[in-house]
Amino acid sequence: MKHKDALDEFRLGVCYYPEHWPEELWDDDFRRMKELGFSVVRVAEFAWSIFEPVEGEFQFGLFDRALALADKHGLKVIIGTPTATPPAWLTHKYPEVLNVTQEGVMLRHGLRRHYNYNSKKYHELSAIITRKLAEHFKDHPAVIGWQIDNEFNCEIGEFYSQADHDAFREWCRNKYGTLDKLNEAWGTVFWSQTYSDWEQVFLPRPTPAHKQFNPHLVLDEKRFISDSTIAYAKIQADILREVVPHHWLTTNGLFGHLDSHRLTDDLLDFFSYDSYPQFSTIHYDPNEENRLADRGSSQTLSAIRSISPSFCIMEQQSGPGGWVNRMDMPSPKPGQMRLWTYQSIAHGANMVLYFRWRTATVGTEIYWHGINDYHNRPNRRVREAGQIGAELAQAGGWITSTRYAADIALLRDYDNEWDGEYDVWHGPFSWQSGKAWFKALTRRHIPSDTLFMRPETTLSDLERYKVLVYPHPAIMRDETASLLEQYVRGGGIVIFGCRTGYKDERGHCYMRPFPGAAAELTGISVEEFTMVKGSRPATSMKWEGEEDAVTRADSFNDVLLPERDTVEVVARYASDYYAGKPAVTRNKVGSGEAWYFGAVFNEASAGQIIKRLGLESPAAGLLELPEQVELAVRRDDEGSLYFLLNFSEEPVVITVEGEKSDLLTGAKLSGAISLEGFGVLVLS
Ligand code: GLA
């Protein structure tokens, strides 16, 4: 039974590791947490060797004492099952539980996440530790929920142990039934790859050309990893549902090769995300136009929201981050941690825990800073956490009753992401275009959702939006195309980019004119196409009806041929031998429209489409906002909360038409007001 009310009450908290600290510190630590306005701590997710120092011998004393103190201070507790860190005795005695690289190198004890999902031995040992913990803590008054494992597929998302190869063979047998079907699905007729016995089937192994494999096998591999992860998580979820049905379940992500939607639907009450906004600043591409810096992680938060409309941030960055020899992030500036906290909340978080209470003095993460420094004296970050705690003690109640509101969704799906990881003829485009759209929208203060197209997706899921942007769904099932067509007939607007619709779900190319499955809906065909790179100079397109409206036609060009008289040409190529040919079209279908954009999107071209569709900010007429400020709207039946997040370091001016009040301070605001650098307002 799912706990629908798990996130009804707002909670702020912190990740705490009592096993890292002298016991004399615990009481004071919990006392100060409470003082900061925290109400929840997460513990134990790496503590297997504390609970089971020797195989079969369990001890709970350390956590019993710590949890008793947490309870004394009125803090609630989330327990993490410790399976991300199997102890040394375990991997030494049962090396078959370890993960192995594709080249066959066994990944040994010494970091974390060194196990594989398919070892029967690991299933057995994980089940034992999970059951022991659940039985021990099931009646503890402080415990409210469980985190399964920690960050599935972080560190590594590929598995090649013997157990994985064996399980993959079984998975293929279940999926295909016969070798003939498997051979057909993987197109093994090509290069004489035909399998004549199941024993010949393996996960991809090294081949004569570096990292080159059968593309259909590689796509199935990703599906297999996701299924293996979920099957492994289910072992723990089933035990927890049986022993602690009164507690909620979650896990923290978000990592690759995992259908986190299915994981959540099948096993969890809600999904949790670990938010380190500085990853989007240290990993930025210096050539990227108009970067959004730490605001870029708003787009990731929208993907989390598509998994769980309300979610938990299990780890919110609260200091400079880094491992000893990798990831060396700057310290958040004054106000930035608060900004990031409200960024998470604006996007749907109803529970936020900082990572971590105090920076570790030993181990890989001695530079992954917590709120408190090693010296444990008051510091700026502790004060900032206290300010947030006080604000949310007032504002949290209203916030949790609301949901993020958007009229436009950017579509993604697992098939294309997993296929696109390997297929450079479409994969990189989706990321490029998704970002361009997100930037174009957020700079115009138009909130957007991410929506994952899944076999379960229904028409009413789509009908919540006026506009759907599905940038480059190379793989498109005919069922997906017909669902989108129903949406459009009913008045929806769908926008595709180049490389749409030409592959089936096995990754075979359809023997149909492009855009394959989407040809009917878009009313066009693709006359010819080309990559635009290397010796091919950049191309551009000119938009109809507007003097000088020329935008780049990035990365790939589909030259379009209207096939129906319902098709209007919106832009034409302005360069190369196909100058003058259609580049962007819109097709009227029923009361809606299907657009086809022949290239990879950039901000300027997304801007053209936004303008032509007349899309506006929900704050239009209410608030005047500069581009540095992100707008998020959370709504309930009572009204709307406007989250204004200033991602720049400088103060900006916003204008409030009429009067609004700031939920965080109670201040009444109207007219032109200055919002401080990294400042936040929540207006109602
Ligand atoms: C992840 C993990 C944490 C910690 C932080 C910082 O999010 O879940 O245990 O390692 O990263 O590296």
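Right above here is the structure, for reference.
For the structure given in this document, a descriptive report is provided here. (Residues numbered from 1 in each chain as written. Predicted model: local features only at pLDDT ≥ 70, side-chain atom pairs only at ≥ 80, totals over all residues. Heavy atoms only, no water.)

### Focus on the site of the ligand
Here is step 1 of the chain: Neighbouring the ligand are the residues Phe46, Arg112, Asn150, Glu151, Asp274, Tyr276, Glu315, Trp323, Phe355, Glu365 and Trp368.
Here is step 2 of the chain: One of the side-chain nitrogen or oxygen atoms of Asn150 is found 2.9 Å away from an oxygen atom of the ligand.
Here is step 3 of the chain: Within the contact set of the ligand, an oxygen atom lies 2.5 Å away from a side-chain nitrogen or oxygen of Glu151.
Here is step 4 of the chain: Bound to the protein, the ligand loses 95% of the 300 Å² it would expose on its own. (Near = heavy atom within 4 Å. Polar contact = N/O pair within 3.5 Å; in protein donor to acceptor, adjacent residues only side chain to side chain. Areas by Shrake-Rupley, 256 points an atom, 1.4 Å probe, with all protein chains shown as cover.)

### Side note on the side chain of Lys439
Here is step 1 of the chain: Among the secondary structure elements, Lys439 is positioned in helix H15 (residues 427-443).
Here is step 2 of the chain: Relative accessible area serves as the criterion here: at 6%, Lys439 is assigned to the buried category.
Here is step 3 of the chain: Once you skip the residues sitting within four places of it in the chain, Lys439 turns out to touch Glu288, Glu289, Asn290, Arg291, Leu292 and Glu603. (Helix = DSSP H or I, 4+ residues; strand = E, 2+ residues; numbered from the N terminus. Buried < 20%, exposed > 50% of the residue type's maximum accessible area, 1.4 Å probe, protein only. Contact = heavy atoms within 4.5 Å.)

### Things to note about the packing of aromatic side chains
Here is step 1 of the chain: A complete count under the given rule lists 42 aromatic pairs for this structure.
Here is step 2 of the chain: Judged by centre distance (6.0 Å) and plane angle (35 degrees), the ring pair of Phe38 and Tyr354 falls under tilted. Of the two residues, Phe38 is situated in the loop between helix H1 (23-35) and strand S2 (40-43) and Tyr354 in strand S9 (residues 349-355); the sequence distance between them amounts to 316 residues.
Here is step 3 of the chain: A relative accessible area of 1% means that Phe38 is categorised as buried.
Here is step 4 of the chain: On the basis of relative accessibility, which here comes to 0%, the residue Tyr354 falls in the buried class.
Here is step 5 of the chain: Ring centres of Phe168 and Trp186 lie 6.0 Å apart, and the angle between their planes is 10 degrees; this geometry places the pair in the stacked category. (Phe/Tyr/Trp six-rings, centres within 6.5 Å; stacked < 30°, edge-to-face > 60°.)

### A word on the environment of Lys93
Here is step 1 of the chain: With respect to the helices and strands, Lys93 occurs in helix H4 (residues 88-93).
Here is step 2 of the chain: With 77 residues separating them along the chain, Lys93 and Glu170 place their C-alpha atoms 26 Å apart.

### Structural notes on the pattern of salt bridges
Here is step 1 of the chain: Applying the stated criterion across every chain yields a total of 51 salt bridges.
Here is step 2 of the chain: Close ionic contact of Glu288 with Lys435 constitutes a salt bridge, the shortest N to O distance being 2.8 Å. Taken as a pair, Glu288 in the loop between helix H10 (279-282) and helix H11 (297-307) and Lys435 in helix H15 lie far apart in primary sequence, 147 residues in all.
Here is step 3 of the chain: Lys435 sits in the partly exposed class, given a relative accessible area of 25%.
Here is step 4 of the chain: Residues participating in the shared-partner salt-bridge network are Asp28, Asp29, Arg31, Arg32, Glu35 and Arg358. (Salt bridge = Lys/Arg side-chain N within 4 Å of Asp/Glu carboxyl O.)

### Quick look at the sheet that holds strand S25 (residues 652-661)
Within a sheet, adjacent strands bond to each other through the backbone by hydrogen bonds, running parallel or antiparallel.
Here is step 1 of the chain: Here we have three strands laid out as an open sheet, ordered S22-S25-S26, and antiparallel in their pairing. Every interior strand has two partners, whereas the edge strands, strand S22 (623-624) and strand S26 (668-675), have only one.
Here is step 2 of the chain: Where S22 meets S25, two bridges bridge the pair, whose relative direction is antiparallel. Its bridge partner lying in S25, Glu624 is registered against Thr655. (Pairing = 2+ DSSP bridges.)

### As for the sheet that holds strand S7 (residues 272-275)
Here is step 1 of the chain: Taken in spatial order, the nine strands line up as S5-S4-S3-S2-S1-S9-S8-S7-S6 in an open sheet, and their pairing is parallel. Looking at the sheet topology across the chains shown, the edges are occupied by strand S5 (248-250) and strand S6 (252-253).
Here is step 2 of the chain: Two strands pair when backbone bridges link them, and strand S1 (residues 11-15) and S2 are joined in this way by three bridges, in the parallel orientation. Paired with Val14 across the bridge in S2 is Val41.

### Some points on the layout of surface pockets
Here is step 1 of the chain: Considered as a void within the structure, the second largest pocket measures approximately 880 Å³ in volume.
Here is step 2 of the chain: What lines the second largest pocket is a set of 34 residues, among which Ile307, Ser308, Pro309, Ser310 and Arg403 lie closest to the centre.
Here is step 3 of the chain: Residue assignment for the lining of the second largest pocket shows that the elements contributing at least two residues are helix H9 (260-267), H11, strand S10 (403-404) and strand S12 (448-452).
Here is step 4 of the chain: No other element matches the four residues that S12 contributes to the lining of the second largest pocket.
Here is step 5 of the chain: Residue composition of the lining of the second largest pocket, grouped by class: 10 nonpolar, 12 polar and 12 charged. (1 Å grid on protein atoms, 1.4 Å probe; cavity = no way out; pocket = protein on both sides within 12 Å on 5 of 7 lines; lining within 4 Å. Points joined across faces, edges and corners; volume = space filled by probe spheres on them. Nonpolar A, V, L, I, M, F, W, Y, C, P; charged D, E, K, R; others polar.)

### Re empty space enclosed by the protein
Here is step 1 of the chain: Summed over all chains, the structure comprises two cavities of 30 Å³ or more.
Here is step 2 of the chain: Roughly 60 Å³ of volume is contained in the largest cavity.
Here is step 3 of the chain: Contributing to the lining of the largest cavity are His347, Tyr404, Phe438, Thr442, His445, Ile446, Pro447, Ser448, Glu630 and Leu631.
Here is step 4 of the chain: Counting only elements with at least two residues in the lining of the largest cavity, the list comes to H15 and strand S23 (629-636).
Here is step 5 of the chain: Split into classes, the residues belonging to the lining of the largest cavity amount to five nonpolar, four polar and one charged.
Here is step 6 of the chain: Quantified by volume, the second largest cavity comes out at close to 40 Å³.

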